[in-house]
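Listed below, chain by chain, are the residues.
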Amino acid sequence: FFEDADAIVSLTEEGVRAFPELGYRISRDSPIEVIPTCADLNRFAPGPRDPGLAGRLGLEHWLVAGCVGTLSNWYLREETLEYLAFLVARIPNLKVLFVTREDHPRLQEDALRAGIPAKRMVLTRADFAAMPDYVRLMDLGVFFIRACFSKKGSAATKLAEFLGTGVPVVINDGIGDSGRIVRDHDAGVVLPEARRDAFASSLRDVERLLGDAAVSARCVAVARKYFDLEQGIAKYTALY
């Protein structure tokens, strides 16, 4: 595929830089485009919390750290839960919101084992159409992904959705361009590794972002620069 392609698309700049390591003879005549995983930013857009939804979930007057979608497979479930427990123990007005179709009883058991008290977590499910309303309840999005060679070419959809909705993130480094983008635009906190010894050094930056009135606008600007679905469509159309 690489050697015979008329054109090549990578989700990341980091992926393109890794092409020589693959050992393929890629023609210099084959255009290479970076088109990351995009989000519909007309839907995943900033807005006020839905007071009715916040009330039903018991999140009124709380700061909210959120996880959306899967916490399994390539996602570092145990490390994510341990980090959320770390935050809950140090930020007294913080609750954790899980919006996922994963097994809720098992996830709650794992979260309790990690140290998140039952009264400080909320587990729910949502249809995709309702997801922007749930993300707007969050002040911080958290997800960690297992770093390896293939993840140089990875761009998590949830990053685009969090940022587009104006929510800063806490992520680990080594996943495509995500770490560089978040760092360069102060749109969140990037841990060098998803390890306990890296947790403590992130707390000051997390607290700073939670108190930063301008962070939402920065996140939206980043999403529009890199992850706008309309731009992605235009790039694919031009390439074809």
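Above this text is the structure in question.
Since the model is a prediction, treat every value here as computed from it, not as a measurement. (Residues numbered from 1 in each chain as written. Predicted model: local features only at pLDDT ≥ 70, side-chain atom pairs only at ≥ 80, totals over all residues. Heavy atoms only, no water.)

S.K.: Looking at this structure, I do not really get the pattern of salt bridges. What am I missing?
M.R.: Opposite charge on two side chains allows them to pair when their charged atoms are near. Scanning the entire structure with this criterion turns up 19 salt bridges. Of the charged contacts, one joins Arg-183 and Asp-173 as a salt bridge, the two residues approaching to 2.9 Å between their closest N and O atoms. With Arg-183 in helix α7 (residues 178-184) and Asp-173 in the loop between β7 (169-172) and α7, this residue pair connects regions lying ten residues apart in the sequence. Overall, Asp-173 belongs to the partly exposed group, its relative accessible area being 28%. The salt bridge involving Arg-208 is made with Asp-205; its shortest N-O contact spans 3.7 Å. On the criterion of helical spacing, the pair formed by Arg-208 and Asp-205 is a turn pair, its members being three residues apart in helix α9 (residues 203-210). For Arg-208, a relative accessible area of 38% translates into the label partly exposed. (Salt bridge = Lys/Arg side-chain N within 4 Å of Asp/Glu carboxyl O. Helix = DSSP H or I, 4+ residues; strand = E, 2+ residues; numbered from the N terminus. Buried < 20%, exposed > 50% of the residue type's maximum accessible area, 1.4 Å probe, protein only.)

S.K.: Help me out: how do you make sense of the packing of aromatic side chains in this one?
M.R.: Note on aromatic pairs: each is described by the distance of the centres and the angle between the planes. Scanning all chains against the criterion turns up eleven aromatic pairs. Ring centres of Tyr-83 and Phe-199 lie 4.9 Å apart, and the angle between their planes is 80 degrees; on these two criteria the pair is classed as edge-to-face. Of this pair, Tyr-83 sits in helix α3 (residues 77-90) while Phe-199 sits in helix α8 (residues 196-199); the two residues are 116 residues apart in sequence, bridging distant segments of the chain. Residue Phe-199 is classed as buried on the basis of its relative accessible area of 4%. Three or more aromatic residues joined by ring pairs make a cluster, and in this case those are Tyr-83, Phe-86, Phe-144 and Phe-199. Directly above the ring of Tyr-75 sits Lys-158, whose terminal nitrogen or CZ lies 3.9 Å from the centroid. (Phe/Tyr/Trp six-rings, centres within 6.5 Å; stacked < 30°, edge-to-face > 60°. Lys NZ or Arg CZ within 6 Å of the ring centre and 35° of its normal.)

S.K.: In this structure, what is going on with the pairing of strand β8 (residues 188-191)? I would like to understand it.
M.R.: In regular strands, side chains alternate between the two faces of the sheet. A two-sided burial pattern is seen for β8, the buried positions comprising Gly-188 and Val-190 on one face and Val-189 and Leu-191 on the other. Inspection of the sheet shows β7 paired to β8 by four bridges, in the parallel sense. If you follow Val-169 over to β8, its bridge partner there is Gly-188. In terms of handedness, the path from β7 via α7 over to β8 forms a crossover that is right-handed. (Pairing = 2+ DSSP bridges. Right-handed = clockwise from strand over helix to strand, strands pointing away.)

S.K.: Before we go on, may I ask you to explain the side chain of Arg-136 in this structure?
M.R.: Its location among the elements puts Arg-136 in the loop between α5 (131-135) and β6 (140-142). The buried category is assigned to Arg-136, whose relative accessible area is 19%. One polar contact links Arg-136 to Asp-133, side chain to side chain, over a distance of 3.0 Å. (Polar contact = N/O pair within 3.5 Å; in protein donor to acceptor, adjacent residues only side chain to side chain.)

S.K.: Help me understand the packing of helix α6 (residues 157-164) against helix α10 (residues 215-226), please; the structure alone is not making it clear to me.
M.R.: At their nearest, the axes of α6 and α10 sit 7 Å apart, and the two run at 130 degrees to each other. Here α10 runs oblique to α6, going by the angle between their axes. Contact residues: α6 offers Ala-160, Leu-163 and Gly-164, while α10 offers Cys-219, Val-220, Val-222 and Ala-223. Of the residues contributing to the contact of α6 with α10, the split by class is six nonpolar, one polar and no charged. (Axes fitted to C-alpha atoms, helices over the stretch in contact; angles between N-to-C directions. Parallel < 35°, antiparallel > 145°, perpendicular 65-115°, else oblique. Contact = heavy atoms within 4.5 Å. Nonpolar A, V, L, I, M, F, W, Y, C, P; charged D, E, K, R; others polar.)

S.K.: Looking at this structure, how should I read the packing of α3 against helix α4 (residues 104-114)?
M.R.: Angle between the axes and distance between the axes are the two parameters that describe a pair of packed helices. Where α3 contacts α4, the axes come no closer than 8 Å and their chain directions differ by 55 degrees. Comparing their axes, α4 and α3 come out oblique. Along this stretch, α3 crosses α4, giving a crossing that reads as right-handed. Contacts between α3 and α4 pair Arg-77, Leu-81, Glu-82 and Ala-85 from the former with Arg-106, Leu-107, Asp-110, Ala-111 and Ala-114 from the latter. Along the lines of polarity and charge, the residues of the contact of α3 with α4 split into five nonpolar, no polar and four charged. (Left-handed = near helix turned anticlockwise from the far one by under 90°.)

S.K.: Whenever I open this one, the sheet that holds strand β4 (residues 94-99) confuses me. Can you help?
M.R.: Pairing between the strands of a sheet is mediated by backbone hydrogen bonds and can be parallel or antiparallel. The strand order across the open sheet formed by six strands is β5-β4-β3-β6-β7-β8, and the pairing between neighbours is parallel. Of all the strands in the sheet, the pair left with one neighbour each is β5 (121-124) and β8. Going from strand to strand, the sheet's axes swing by 20 degrees on average, the running direction of each strand aside. When β4 meets β5, the two strands line up parallel, connected through four bridges. Residue pairing in the sheet places Val-96 in a bridge with Met-121 of β5. The strands touched by α4 within the sheet are β4 and β5, with β5 carrying the most contacts at an inclination of about 160 degrees. Relative to the sheet, α6 contacts β3 (63-68), β6 and β7, its axis offset from that of β3 by approximately 150 degrees.

Remember that the coordinates give geometry; whether it matters functionally is a separate question.
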